[in-house]
Amino acid sequence: MTTLRIRNAIKQYPNGAQAVKGVSVDVEDGELVVFVGPSGCGKSTLLRMVAGLEEVTDGEIELNGRVVNNLEPADRNIAMVFQNYALYPHMSVRKNLAYGLKNRGTPSDEIDRKVEEAGALLQISEFLDRKPSQLSGGQRQRVAMGRAIVRNPAIFLFDEPLSNLDAKLRNQMRLEIKKLQRRLDTAAIYVTHDQVEAMTLADRIVVLNNGMVEQIGTPTEVYSRPATTFVASFIGAPPMNLIPGELSKGQLHIGAHSMPMNSAHAGPVTFGFRPERAHMNGAASGLAVEIGVIEELGAHRLIHGRVGDHEVTVAQDAELPPPDGRMMLAFNEQDTHLFDPDTGARV
Amino acid sequence: MAVTEIDSSAETSGTTKAASADNRPRRKTKIFDHVVLWLGVLLMMGPIIVAFTTSTFDHVTIHREGMQFGWGGEFVETYKNVLYQEGGFTGEVTGLLMTQNSLILGLGFAIGKIVVSMLAAYAIVYFRFPLATFSFWVIFTTLLLPLEVRILPSYEVVQQLGMLNTYSGLIIPLIASATGTFFFRQFFKSVPNELMEAARIDGAGPVQFFWDILVPLSKTMMAAIFIIMFVVGWNQYLWPTLMTTEEGYFTLVRGIRNIMQQMIGADIPEYNEALAMAMLAMLPPALVIIIFQRMFIKGLVEQEK
Ligand SMILES: Nc1ncnc2c1ncn2[C@@H]1O[C@H](COP(=O)(O)OP(=O)(O)O)[C@@H](O)[C@H]1O
Ligand SMILES: [Mg+2]
């Protein structure tokens, strides 16, 4: 079944700014959907509309088959984890977890049981009587998740929950969030601007740009068949190389080089390839790249160079000898991408 | 006064710590700091000490010889008189009653101001209503209209409401506070918005959010404002003089004046009693400051948010 349906949601702020311009997304039961996009693209706004913290200007939010547009956040059966955790500073961890339950009139023995359970699940049992200010960032993060868990919500909403943590802890917590979500088997929306987080966590990714959906798909789909140049350059690190070219009669021309391309399209196109999906076959033919700077990253190296006026980056296994001066690139058919240069859409 | 002392000593310890690499100049500044501090203490405490010692002499001596520095031995007698002797025109007021009146005024004034300004600030910061910002600035401009400026209309309103010679008439017209509203507004604005949103998701309504979250978070802020407002309320003179004509409502500050006024005929005013009453009048504000001072400073230094 579908837990959440967002239908054509529009959000216009009172100052006239349109933050969400008609977005439709479904979240299936137990699914973890990640909203990813650059800062200011409207992902928090969309999440907050689901939470009920922002009014929906137009469209519908349907949770478990019930339109919730006009329900208060507390009546929607959602739970949210905020970027700054938003723990109540003057309450102990235990009270933080219990507060929502208490407000709903849950009997106190049940509250105690749920709090203990969540504490054990998140390994914060020993901190239950501390104040949030006496906890580390990672522990506060756990408390924030605990507060979400005790409510047994239909859906978890995470708004960049890891961005206040250092890199190492972030990787660890990322994994834990995923495990926890699997274990609880509850649908979740996770908002982030970090494409690595998106790729690793998501069952499905929703790539947002400027208040609109660019692409919805599994991480693999989004990575290997980006729907637009925006997705191509946003997902993947380093991003996909994009070079203008000309397509005619099944041949792609880039500068002096031409290669066969199985496409009926003709005219100017944007040619894209992933840095890690180009071969340097040592042959005399191929796409010629003037090599500039080389970065050694341990397991592999990044070779920055130019094709005509355009910067490209190629990743190479560090075991191989580094190229020098000039290299020729060849591609497998499925690793090449063509986009319309005007609309940016895949052709 | 206690507060300023604590402040400056905290500052000096800060600077001495910073300069600890070099010992000599540090020592010099330390001595200098202490000299300055002691001068300050002397300047502020001197008159109070003299007033206290003088209050232990009998009024004839004071009248003849002026202020006294030693111990006059009339301490118990004088202070007992001040507290328990029934005086005034009607012969009904005692120092104790006036202390009680002063306490009612000071507490009512401080608590009333905190309650009203917290509620006003809560409305301004957390609720979207038409002209919210405008109403804030209207409240704020009342700073330009202190009591002294609007005393006649205020008197008339209180009089028409029949609240002359009542505690409510004494307190209520004074408890609207632009300063308090302003401080609480700034404080509420610094509370992260997510806290309110988290509370909303947790099912707390506006009243619950205010009571369960904002009030506990504002504790130190409330203590700070309480100190200031209690002292201001306690020291009110003009307003109580106008609002209350019955002696049963007299405050300590007015009592001092009453004693001094007795210079009718050959009577020598009871200087010792007036001074004793001044000492008594100083005691509660000083106590409030000493008791709340730690919270006050904590409120200024660390923020539990
Ligand atoms: N309360 C608000 N009033 C007006 N505009 C807002 C408000 N909140 C966000 N916006 C605007 O809406 C857009 C999307 O914001 P947001 O959803 O926070 O982006 P993201 O979370 O993707 O970084 C931004 O351009 C932002 O400036
Ligand atoms: Mg955001």
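What comes next is a walk through the structure. (Residues numbered from 1 in each chain as written. Chains lettered and ligands numbered in written order. Predicted model: local features only at pLDDT ≥ 70, side-chain atom pairs only at ≥ 80, totals over all residues. Heavy atoms only, no water.)

Observations regarding the sheet that holds strand S18 (residues 310-317) of chain A
All names here are of chain A. Sheet architecture is open: five strands sit in the order S15-S19-S16-S17-S18, paired in antiparallel fashion. Edge positions in the open sheet fall to strand S15 (279-280) and S18, since each of these has one partner strand only. As judged from the eight bridges shared by strand S17 (residues 300-307) and S18, these two strands associate in the antiparallel manner. Bridge assignment links Val 307 to a residue of S18, and that residue is His 310. (Pairing = 2+ DSSP bridges. Helix = DSSP H or I, 4+ residues; strand = E, 2+ residues; numbered from the N terminus.)

Let's talk about the pairing of S17(A)
Residues and elements named next belong to chain A. Of the strand pairs in this sheet, strand S16 (residues 287-296) and S17 are connected by five bridges, and their pairing is antiparallel. The residue bridging Ile 291 from the neighbouring strand is Gly 305, located in S17. Hairpin connection of S16 to S17: three residues between the antiparallel strands, including Gly 298 at a positive phi of 95°. In this structure, the hairpin formed by S17 and S18 is closed by a connection of two residues, where Gly 308 is found at a positive phi of approximately 60°.

Focus on the layout of surface pockets
Think of a ball as big as a water molecule: rolled over the atoms, this probe shows where empty space is left. In this structure, the largest pocket occupies an estimated 1,000 Å³ of space. Around the largest pocket, the lining is made up of 34 residues, and of these A:Leu53, B:Tyr126, B:Arg128, B:Met196 and B:Arg200 lie nearest the centre. For the lining of the largest pocket, the secondary structure elements donating two or more residues are helix H5 (95-126), helix H9 (178-190), helix H10 (193-201) and helix H11 (206-217) of chain B. For the lining of the largest pocket, the leading source of residues is H10(B), giving five residues. Within the lining of the largest pocket, the residues separate by chemical class into 17 nonpolar, seven polar and 10 charged. (1 Å grid on protein atoms, 1.4 Å probe; cavity = no way out; pocket = protein on both sides within 12 Å on 5 of 7 lines; lining within 4 Å. Points joined across faces, edges and corners; volume = space filled by probe spheres on them. Nonpolar A, V, L, I, M, F, W, Y, C, P; charged D, E, K, R; others polar.)

Things to note about the site of ligand 1
Residue and element names in this part refer to chain A. In the vicinity of ligand 1, the contacting residues are Tyr 13, Asn 15, Ala 19, Pro 38, Ser 39, Gly 40, Cys 41, Gly 42, Lys 43, Ser 44 and Thr 45. At 2.6 Å, a side-chain N or O of Ser 44 approaches an oxygen atom of ligand 1. In the complex, 60% of the free accessible area of ligand 1, which totals 560 Å², lies under the protein chains. The dominant element in the shell around ligand 1, judged by the number of residues it contributes, is helix H1 (residues 43-51), at three residues. (Near = heavy atom within 4 Å. Polar contact = N/O pair within 3.5 Å; in protein donor to acceptor, adjacent residues only side chain to side chain. Areas by Shrake-Rupley, 256 points an atom, 1.4 Å probe, with all protein chains shown as cover.)

Notes on the packing of aromatic side chains
Using the criterion set out here, one finds 30 aromatic pairs over all chains in the structure. On the numbers, 5.6 Å between centres and 35° between planes, the contact of B:Trp71 with B:Phe75 is tilted. You can call B:Phe75 partly exposed: its relative accessible area is 30%. A centroid spacing of 5.3 Å and a plane angle of 90° characterise the contact between B:Tyr122 and B:Phe127, whose relative ring orientation is edge-to-face. Judged by relative accessible area, B:Tyr122 falls into the buried class, the value being 9%. One aromatic cluster in this structure is built from B:Tyr122, B:Tyr126, B:Phe127, B:Phe184, B:Phe187, B:Phe188, B:Phe209 and B:Phe210. Directly above the ring of A:Tyr223 sits A:Arg274, whose terminal nitrogen or CZ lies 4.2 Å from the centroid. (Phe/Tyr/Trp six-rings, centres within 6.5 Å; stacked < 30°, edge-to-face > 60°. Buried < 20%, exposed > 50% of the residue type's maximum accessible area, 1.4 Å probe, protein only. Lys NZ or Arg CZ within 6 Å of the ring centre and 35° of its normal.)

Thoughts on the sheet that holds strand S10 (residues 212-217) of chain A
Residue and element names in this part refer to chain A. Strand order in the open sheet made by the six strands is S6-S7-S8-S3-S9-S10, with mixed pairing throughout. The sheet terminates laterally at strand S6 (78-81) and S10, the two strands that pair on one side only. Sheet twist, expressed as the mean angle between neighbouring strand axes with direction ignored, is 20°. The pairing of strand S7 (residues 155-159) with strand S8 (residues 187-192) spans five bridges and is classified as parallel. Residue pairing for S8: Phe 158 is matched across the bridge by Tyr 190. On the sheet, H1 packs against strand S3 (32-36), S6, S7, S8 and strand S9 (204-209) and is oriented at approximately 150° with respect to S7. Across the sheet, helix H4 (residues 137-149) lies against S6 and S7, angled at about 175° from S6, the strand it touches most. (Axes fitted to C-alpha atoms, helices over the stretch in contact; angles between N-to-C directions. Contact = heavy atoms within 4.5 Å.)

A short note on the interface of chain A and chain B
When the parts of a complex come together, some accessible area is lost, and that lost area is often used as the size of the interface. Opposite the 22 residues of chain A that make contact, chain B presents 18 residues. Between chain A and chain B, a total of about 1,800 Å² is buried, with carbon and sulfur atoms accounting for 57% of that surface. Taken together, chain A and chain B are joined by two salt bridges. A salt bridge links A:Glu72 to B:Arg200; its shortest N-O distance comes to 3.5 Å. For the side of chain A that touches chain B, the secondary-structure elements that each account for two or more residues are S6 and helix H2 (93-103) of chain A. The greatest single-element share of the side of chain A that touches chain B, amounting to three residues, is contributed by H2(A). Here the side of chain A that touches chain B is built from residues that sort into 12 nonpolar, five polar and five charged. (Buried area = accessible area lost by both parts, 1.4 Å probe. Salt bridge = Lys/Arg side-chain N within 4 Å of Asp/Glu carboxyl O.)

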